[in-house]
Amino acid sequence: MPAAVGASVCGRSSRSAQGTHPGTIWTAQRGCAPATTRQQAKRKGSALRRLTTNQTHRPAHRGTKFTLAAAMESEQAASERGGGTGGNAPRTQLCTSLVASTVQGMLAEAKEAVQMGADIVEIRLDYLQQLDPEKDVPSLLHLCPLPAIITYRPVWEGGKYDGPEAERLATLRLAALSGAAYVDVELKVAPLFFAGKQQSAAAAAAALCVGGDPLPPTTKVIVSSHDYEQTASEEELQELVERIHATGADIVKFATMANDITDAYRVLSVLRRCPVPCIALAMGERGQITRLLAPKYGGFLTFGALSPDRVSAPGQPTLQQLSSLYGLKEQGRNTAVLGIVGNPVSHSKSPAIHNAALQAVGLDAVYVPLLVDDMPSFLSTFTDLDWVGLSVTIPHKQAALQGASEVDPVAQQIGAVNTLVRQADGGLKGYNTDWSAAITAIERGLRPGLKAATDAATSPLSGKTVVVVGAGGAGRALAFGAAAKGAKVVIANRSVQKAADLAAQLDPPASACSLDELASGAVKGDVLVNTTSVGMQPQVDDTPVPAAALAGYELVFDAVYTPLHTRLLREAAEAGCAVVTGDTMFVGQAEDQFRLFTGVEPPKGLMSRVVLDSL
């Protein structure tokens, strides 16, 4: 906890604090009630996924009717209450933290921030190895090319400063007097910073001082709270916002630790309804969407790092990712959201290829990574209509099938879903685009130049033995597809019982074996298909099948595409096998997903180029 600060340090009474009492700042939000249930959301008309290139308005909440007029009314309401990014509300600012250890290093970082499109910089004084406040603070502010937030974070709030508290607060006030656009003050010491807050308006105005000098009204005070362990309930977060605002804050900031992605949803829900300027972040990878979607939910700003090695908080993306990959400055409160659900998910190239395609065809939508631990909990929480579609990867494809309100017959037969599309009634329809993309890639590997669709009589897989490694969602899709093309299928899995269960569901029934039987060479085939994550980054030295067992296969396919040339494929090529890389399946299924999500044809060849460039 901070040490006591002497009474000689003066504060100020914020205009935003006058007449503020707990429980009052949310009254303007009655028109932005919590999202309705799926049954209440039923409406006539097409699903939100029916995006068009000239459709820039989309409902921001469940229960909103899919009409332009309703969207405009919602946006006007947001403008009147001063929140969100619709209407005349200020757009979300892009901020980066300067974390160099020297003043000159920070100034160099500030110039870099300008080049990378930042609007604001946060000068983290606690990162400086040496600091002479009276010399360095005015110098930093004078030479900084962008508006600056001065932050001097103490160790008790997750920062690096471990000195006298009075000196720290005096430095923040000096920053205000030196022309800082913003200063960041922790909630725990805000009453000390705003020492004159309880005086009358006239007396408070006279008390806005530091050593007798008034604080300039152009300096906005951010009052912040950080919880590095957990995320409180939505009600508790609202109460926290009330407490922060009541101190006299011009801008409210709270950051929590997301231990589950549903924590991020609570943070976004509070941010969306907050009627005062607010910065709301959930830290960690599970909370990353609070940073990526800040403009949609009305955040005052969001943070991006200059580079991956210069993050100032867990889960922070880079400036380049925010501005280019996620189109932060083009987002608005009506932007539709799509995403990739998985665990792990940080390796996925899906955001890169889908965002490139969305931007190329001019759709007001963004595609984000979603690290999900509990699929049922995620699906029951993220039910807003403007979350229009989800790609699903390991290990959630069977849970996605169970969570869908409607399932395409092919996906139902496969028993796994890799695509969920929001319907007009709020439900999700499940599809499987894995099997056709992968099977087509394998067929073309066996018969180069193949263009026409095939069946069990004409497919190059007909009559061949296809050994599928893995009995999860992708394994089910590949096994189903191979059987449909007339192949004899063998399922190899760590759990032989799970492999046998899947084998029994195919038509005709397949056979099952253990991974040890496959590795020993006791089980052979013509085509080997890996559908597990073995060999994926960062475990690039692993392989699902040893090199000694690869001889005799005509073709080996690996669904892993990071890295593109896995150990399995390298050793298969050395054994004389034809190889098919995972990007072929990945791009094919993504193109099919894009059609389902949007009703628009993806730009020809774009997704493939993006993947190959990134690899």
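None of the values given here were measured: they were computed from a predicted structure.

How each quantity is defined
- Residues numbered from 1 in each chain as written.
- Predicted model: local features only at pLDDT ≥ 70, side-chain atom pairs only at ≥ 80, totals over all residues.
- Heavy atoms only, no water.
- Pairing = 2+ DSSP bridges.
- Helix = DSSP H or I, 4+ residues; strand = E, 2+ residues; numbered from the N terminus.
- Contact = heavy atoms within 4.5 Å.
- Axes fitted to C-alpha atoms, helices over the stretch in contact; angles between N-to-C directions.
- 1 Å grid on protein atoms, 1.4 Å probe; cavity = no way out; pocket = protein on both sides within 12 Å on 5 of 7 lines; lining within 4 Å.
- Points joined across faces, edges and corners; volume = space filled by probe spheres on them.
- Nonpolar A, V, L, I, M, F, W, Y, C, P; charged D, E, K, R; others polar.
- Buried < 20%, exposed > 50% of the residue type's maximum accessible area, 1.4 Å probe, protein only.
- Right-handed = clockwise from strand over helix to strand, strands pointing away.
- Phe/Tyr/Trp six-rings, centres within 6.5 Å; stacked < 30°, edge-to-face > 60°.
- Lys NZ or Arg CZ within 6 Å of the ring centre and 35° of its normal.
- Core = buried A, V, L, I, M, F, W, Y, C linked by side-chain atoms within 4.5 Å.
- Expected span 1.5 Å × (residues − 1).
- Arc of directions from axis to C-beta.

## Some thoughts on the sheet that holds strand E15 (residues 419-422)
Reasoning step 1: Spatially, six strands are ordered E12-E11-E13-E15-E16-E14 in an open sheet, and the strand pairing comes out mixed. Of all the strands in the sheet, just strand E12 (365-371) and strand E14 (406-407) have a single pairing partner and so form its edges.
Reasoning step 2: Pairing geometry for strand E11 (residues 336-342) and strand E13 (residues 387-392), over five bridges, is parallel. Following the sheet pairing, Ile 340 is matched in E13 by Ser 391.
Reasoning step 3: Seen against the sheet, helix H11 (residues 350-361) touches E11, E12 and E13 and runs at an angle of roughly 170° to E12.
Reasoning step 4: Contacts from helix H20 (residues 582-598) reach E11, E12, E13, E15 and strand E16 (428-431), with the element oriented near 15° to E15.

## Examining empty space enclosed by the protein
Reasoning step 1: Inspection of every chain in the model, using the stated rule, returns four cavities of 30 Å³ or more.
Reasoning step 2: Taken as a whole, the largest cavity encloses approximately 400 Å³ of empty space.
Reasoning step 3: In terms of lining, the largest cavity is formed by 27 residues, of which the most central are Thr 393, Lys 397, Ala 559, Tyr 561 and Phe 586.
Reasoning step 4: Broken down by secondary-structure element, the contributors of at least two residues to the lining of the largest cavity are E13 and H20.
Reasoning step 5: Considering each element in turn, the lining of the largest cavity owes the most residues, five residues, to H20.
Reasoning step 6: In the lining of the largest cavity, the residues fall into twelve nonpolar, 13 polar and two charged.

## Overview of the pairing of strand E1 (residues 93-98)
Reasoning step 1: Counting buried positions along E1 yields five of six residues, so the element is predominantly enclosed.
Reasoning step 2: Bridge analysis of E1 against strand E10 (residues 301-303) gives three bridges, and the strand direction is parallel. Residue pairing across strands places Leu 94 opposite Thr 302, the latter belonging to E10.
Reasoning step 3: Assessed by its sense of winding, the connection that carries the chain from E1 through helix H2 (residues 103-115) to strand E2 (residues 120-124) is right-handed.

## Focus: the packing of aromatic side chains
Reasoning step 1: This structure, assessed with the given rule, holds eight aromatic pairs.
Reasoning step 2: When the centroid spacing of 4.9 Å and the interplanar angle of 65° are considered together, the rings of Phe 382 and Trp 387 count as edge-to-face.
Reasoning step 3: Following the ring pairs from residue to residue traces out a cluster consisting of Tyr 265, Phe 378, Phe 382 and Trp 387.
Reasoning step 4: Stacked on the ring of Tyr 127, the Lys or Arg Lys 160 has its end atom at 4.9 Å from the ring centre.
Reasoning step 5: Above the plane of the ring of Tyr 297 lies Lys 296, whose end atom (NZ or CZ) is 5.8 Å from the centre.

## Comments concerning the nonpolar core
Reasoning step 1: With 90 residues, the main nonpolar core has Ile 123, Phe 254, Ile 289, Leu 370, Phe 378 and Leu 420 as its most contacted residues.
Reasoning step 2: In terms of residue count, helix H8 (residues 261-273) provides more of this core than any other element does, seven residues in total.
Reasoning step 3: Counting residues in each nonpolar core, the second largest holds 32 residues, with Ala 416, Trp 435, Ala 559 and Met 585 among its members.

## A closer look at H2
Reasoning step 1: When the terminal C-alpha atoms of H2 are compared, their 19 Å separation across 13 residues agrees well with the 18 Å that a helix rising 1.5 Å per residue should span.
Reasoning step 2: Inspection of H2 places Val 103, Met 106, Leu 107, Glu 109, Ala 110 and Ala 113 among the buried residues, and these make up the whole buried set. Projected onto a plane normal to the axis of H2, the buried residues spread over an arc of 160° and lie on a single side. In this structure, H2 carries Gln 104, Lys 111 and Gln 115 as exposed residues pointing more than 90 degrees from its buried face.
Reasoning step 3: Along its buried surface, H2 packs onto E1, E2, helix H3 (133-143) and helix H10 (319-325).
Reasoning step 4: Of the residues flanking the end of H2, it is Gly 117, one or two places downstream, whose phi is positive at about 90°.

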